[in-house]
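Residues per chain are reported as follows:
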Amino acid sequence: MNKNLLILSGPSGVGKGTVCQRLRQALPDLIQPVSLTTRMQRPGEIHGEHYWFVKPCEFEAKREAGELLEWVEYNGCFYATETAQVRRALEAGHTLLLEIDTHGALTLKAQFPEEAYLMFLTPPSLAILRQRLETRGSNSPEDIERRLQHAHWELTQQGHFDLSLENQHLETTVAHLHAQIQLLMS
């Protein structure tokens, strides 16, 4: 199969970041491009590692210049994947692991139909998703409600993905995705 653009998506709070981190530890050859965002940096996040934190005017300039493969506005903040990072890595023969929103994943699948493999994480329930978002401690009640409303739409899109997996137990989820990625890379 040899897919080399692996895209992990799912609702906010489903555990995408943690799963990607574990997969990169288990498969160090995976390249994870760093996304751009205009949102505020959270405690513990490192500029250039977790995200490239940019000002809205910088983001707009990159978008206007056609430097973004995909972008989305989410809760008043912009997120994007830079074209140059992805194209350079693919041309060098690397396998990439991207953690992006559902809309962005579908956009990239349309742009890279042969290379892209879409993986969707679902929560065990919306109640558990709410609990995870509340436990973060970094989202206002209004923000949590917006994220849950968006999650309803995202869950309707999982049929467009190559793989859909419930993230109930982190270790089980990571093991399953690890095995799937190894098959894709062979």
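Residues numbered from 1 in each chain as written. Predicted model: local features only at pLDDT ≥ 70, side-chain atom pairs only at ≥ 80, totals over all residues. Heavy atoms only, no water.

Trainee: I keep staring at the sheet that holds strand β1 (residues 5-9) and nothing clicks. Help me out?
Mentor: Strand pairing in a sheet relies on backbone hydrogen bonds, with the paired strands running either antiparallel or parallel. Reading across the sheet, the 4 strands line up as β6-β1-β7-β8 and stay open at both edges, with parallel pairing between neighbours. The open sheet has two free edges, formed respectively by β6 (96-99) and β8 (163-166), since each of these has just one partner strand. Adjacent strand axes in the sheet meet at a mean angle of 20° when their direction is disregarded. Pairing between strand β7 (residues 116-122) and β8: 4 bridges, direction parallel. Within β8, the residue paired with Met-119 across the bridge is Leu-163. Sitting on the sheet, helix α1 (residues 16-26) touches β1, β6 and β7, and the angle it makes with β6 is about 165°. (Pairing = 2+ DSSP bridges. Helix = DSSP H or I, 4+ residues; strand = E, 2+ residues; numbered from the N terminus. Axes fitted to C-alpha atoms, helices over the stretch in contact; angles between N-to-C directions. Contact = heavy atoms within 4.5 Å.)

Trainee: Explanation requested: the packing of aromatic side chains in the structure shown.
Mentor: Under the definition given, this model contains 5 aromatic pairs. When the ring of Trp-71 is compared with that of Phe-78, the centres are 5.8 Å apart and the planes differ by 50°; the resulting orientation is tilted. The structure contains a cluster of three or more aromatic residues connected by ring pairs, namely Tyr-51, Phe-53 and Tyr-79. The ring of Trp-71 has Arg-63 lying over it, and the distance from NZ or CZ to the ring centre is 4.2 Å. (Phe/Tyr/Trp six-rings, centres within 6.5 Å; stacked < 30°, edge-to-face > 60°. Lys NZ or Arg CZ within 6 Å of the ring centre and 35° of its normal.)

The values are spatial; any link to function lies outside them.
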